[in-house]
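Analysis of the macromolecular model
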Amino acid sequence: MTRDIAITQVRITPIAFRDGPLLNAAGIHEPWALRAIVELETSDGRVGISETYGDEPMLRVLDQAKDLVIGLSPFDLNQMEERVRATIKATPGAVEFELAPGSHAAKNAPKVISTFEVAMLDLQGQVVGAPVVDLLGGKVRDAVPYSAYLFFKYAEHIDKPYAPDAWGEGISPEQIVAQAQRMIDLYGFQSIKLKGGVFEPAHEIACMKALAKAFPGMPLRLDPNANWTLKTSIEAAPELDEILEYYEDPCPGLEGMAELQKHTKLPLATNMVITTMDDFRRGCNMGSIKVLLSDHHYWGGLRATQTLARMARLWGFGMSMHSNSHLGISLMAMTHVAASVPNLTYACDTHYPWQEEEVIKGGRVIFDNGAVRVPTTPGLGVELDREQLAALHEQYLTCGVRNRDDLTQMRKYQPEFTGKNPRF
Ligand code: GKR
Ligand code: MG
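Residues numbered from 1 in each chain as written. Chains lettered and ligands numbered in written order. Predicted model: local features only at pLDDT ≥ 70, side-chain atom pairs only at ≥ 80, totals over all residues. Heavy atoms only, no water.

1. Looking at the domain arrangement of the protein
Its domain assignment divides the protein into domain 1 (2-133 + 386-398) and domain 2 (137-373). Computed over C-alpha atoms, the centres of domain 1 and domain 2 are 23 Å apart. With 46 residues of domain 1 at the contact, the number on the domain 2 side is 55 residues. Buried area between domain 1 and domain 2, both sides added, is near 4000 Å², and the carbon and sulfur share of it is 62%. (Domains from an automatic or database assignment. Contact = heavy atoms within 4.5 Å. Buried area = accessible area lost by both parts, 1.4 Å probe.)

As structure tokens, then:
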């Protein structure tokens, strides 16, 4: 009976939502972050939903792929995957934003597969009356813990497109501790990550020490996004050895990380040096990392994330999860898959606290003690709020941003900013 249901329509809606003036190795976030909301409609009137990247090259690739699922049953995941792999190639012209692997053209096919897979699993869940996590083998935890993801930030965007956010400036150790306190008060997070690679390493280490003092026993992570040289990363290691849970992408390259791992007792973690199966093979042989941050958006979907986790288990790597600016549909997909992966034992990253807007009915997803409850209702467990979708699409049309460009945005504040990497 399930084979009689066919996908008849694909809708791709680019959206833009407010994002804070968050600093990173490449520069600073623009006032608007982009995503694409994908809807698959079936012959029996159901709609499966998914959220993915919304930059122009991704929209082009999605447009190229959209007819590939027409006529398929929502249960035809393998056929969908084969069709996408045969058609979608790494096209030139992608953003290739170094610190966000989801922008790489080489990942076009996995990104599209992931987008369709999530919406098809949402449909499958609706058809059989089961949450997505059950289609992935069932949950191993009832709620998925996330970490407080701190950023160095300015109080306001230079372009002043809207009123400043409520977080204020985040530059000094005291301000970073206050940011962590606010995020923990609001959401109950039980581990903390600081996005580094922005200021001199001594300043970032001082911030980590201030966090360790303010939140004794709290697991802490620092992620300089490969903006420290190998030498700097080795020199910083003894200062961080006692306070970090893991040391995320301090320096560039599998070779650099492998060498650094010999100089620190901290586990090295990455979402930068291992983003393909080829990297995985090489990273295993070189001993470059001990913790892998997955991300279903560019690793090829929820089932591919489970495969990755099984491989990580085989090689003795720990698992965590990477994030970019996103809304609630992505958060729910992340939550379903994380709930199904036994060795995903580190709290996942999420940028969600930095977002204020939503496209799902009922508004923003709730965190309870820093964790998101795994839905028990059919499919992803969330539905589109069409008014909100239209409003955020209107913002997309008028905001003027089409591709993420943190470097150009940073030059508005500091015209001499080079974006050179590694900078410290
Ligand atoms: O959004 O500024 C950011 C992050 O730096 C993001 O681009 C990274 O991909 O969060 C990410 C990370 O953990 O590397
Ligand atoms: Mg990272």
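Having seen the structure, we can now continue with the description.
2. Some details on the sheet that holds strand β4 (residues 32-42)
Read from one edge to the other, the open sheet built from three strands follows the order β1-β4-β5, with strand pairing classed as antiparallel. Because the sheet does not close on itself, it has two edges, and the strands there are β1 (7-18) and β5 (47-53). Across this sheet, the average inter-strand angle for adjacent strands is 20 degrees, counted without regard to direction. Examined bridge by bridge, β1 and β4 share 11 bridges and lie antiparallel to one another. Note that in β4 the partner of I15 across the bridge is R35. Its contacts with the sheet place helix α12 (residues 328-339) against β4 and β5, and it is angled at close to 100 degrees to β5. (Pairing = 2+ DSSP bridges. Helix = DSSP H or I, 4+ residues; strand = E, 2+ residues; numbered from the N terminus. Axes fitted to C-alpha atoms, helices over the stretch in contact; angles between N-to-C directions.)

3. Looking at the coordination of the magnesium ion (ligand 2)
Those donors, D223 (OD), E248 (OE) and N271 (OD1), are the protein atoms that reach the magnesium ion (ligand 2), and they lie 2.0 to 2.2 Å from it. For the magnesium ion (ligand 2), the single-chain donor residues occur in sequence as D-x24-E-x22-N. Of this pair, D223 sits in strand β9 (residues 220-223) while N271 sits in the loop between β11 (268-270) and α9 (277-286), placing them 48 residues apart in sequence. For the pair D223 and N271, a shared accessibility class is recorded, and that class is buried. (Donors = N, O, S within 2.8 Å, 3.2 Å for Na, K, Ca; no water. Buried < 20%, exposed > 50% of the residue type's maximum accessible area, 1.4 Å probe, protein only.)

4. So, the sheet that holds β11
Within a sheet, adjacent strands bond to each other through the backbone by hydrogen bonds, running parallel or antiparallel. Spatially, β7-β8-β9-β10-β11-β12-β13 is the arrangement adopted by the seven strands of the open sheet, whose pairing is parallel. Where the open sheet ends on each side, the last strands, each with one partner, are β7 (148-151) and β13 (318-321). Averaged over all neighbouring strand pairs, the angle between strand axes comes to 25 degrees, with direction disregarded. Where strand β8 (residues 192-195) and β9 come together, four bridges link them in parallel fashion. By the bridge assignment, L194 is partnered in β9 with L222. Contacts from helix α5 (residues 173-187) reach β7 and β8 within the one sheet, and its direction differs from that of β7 by about 150 degrees.

5. Observations concerning helix α2 (residues 77-87)
Within α2, burial applies to L77, M80 and V84. Looking down the long axis of α2, one finds its buried residues gathered within 60 degrees of arc, a one-sided arrangement. The exposed residues of α2 that point more than 90 degrees off its buried face are N78, E82 and A86. (Arc of directions from axis to C-beta.)

6. Some remarks on the packing of α5 against helix α6 (residues 201-214)
Where α5 contacts α6, the two axes come as close as 9 Å, and the packing angle between them is 45 degrees. Relative to α6, α5 is oriented oblique. The way α5 lies across α6 gives a crossing that is right-handed. Every residue of α6 that contacts α5 at P173, I176, V177 and A180 is listed here: H203, A206, C207, A210, L211 and A214. (Parallel < 35°, antiparallel > 145°, perpendicular 65-115°, else oblique. Left-handed = near helix turned anticlockwise from the far one by under 90°.)

7. Comments concerning the site of ligand 1
Near ligand 1, the surroundings consist of 17 residues, among which N24, H29, L99, Y149 and H322 are the closest. Note that an oxygen atom of ligand 1 is positioned 3.1 Å from one of the side-chain N or O atoms of N324. Elements with a minimum of two residues in the shell around ligand 1: β7 and β8. By residue class, the composition of the shell around ligand 1 is four nonpolar, eight polar and five charged. Counting contributing residues, the shell around ligand 1 receives three or more from each of domain 1 (2-133 + 386-398) and domain 2 (137-373). (Near = heavy atom within 4 Å. Polar contact = N/O pair within 3.5 Å; in protein donor to acceptor, adjacent residues only side chain to side chain. Nonpolar A, V, L, I, M, F, W, Y, C, P; charged D, E, K, R; others polar.)

8. Observations regarding the packing of aromatic side chains
Aromatic ring pairs are described here by two measures, namely the spacing of the ring centres and the angle between the planes. Evaluation of the coordinates by the stated rule reveals 15 aromatic pairs. Relative to F151, the ring of Y149 lies with its centre 4.9 Å away and its plane at 15 degrees, an arrangement referred to as stacked. For the pair Y149 and F151, a shared accessibility class is recorded, and that class is buried. Centre to centre, the rings of W167 and W354 are 4.8 Å apart; their planes meet at 45 degrees, and the pair counts as tilted. Here W354 lies in the loop between α12 and β14 (371-373) and W167 lies in the loop between β7 and α5, a separation of 187 residues in the sequence. For the pair W167 and W354, a shared accessibility class is recorded, and that class is buried. The rings of Y146, Y187, F189, Y352 and F367 are connected pair by pair, giving a single aromatic cluster. Sitting above the plane of the Y162 ring, R18 keeps its charged end 5.7 Å from the centroid. In this structure, R364 packs its charged tip against the face of Y352, placed 4.1 Å from the ring centre. (Phe/Tyr/Trp six-rings, centres within 6.5 Å; stacked < 30°, edge-to-face > 60°. Lys NZ or Arg CZ within 6 Å of the ring centre and 35° of its normal.)

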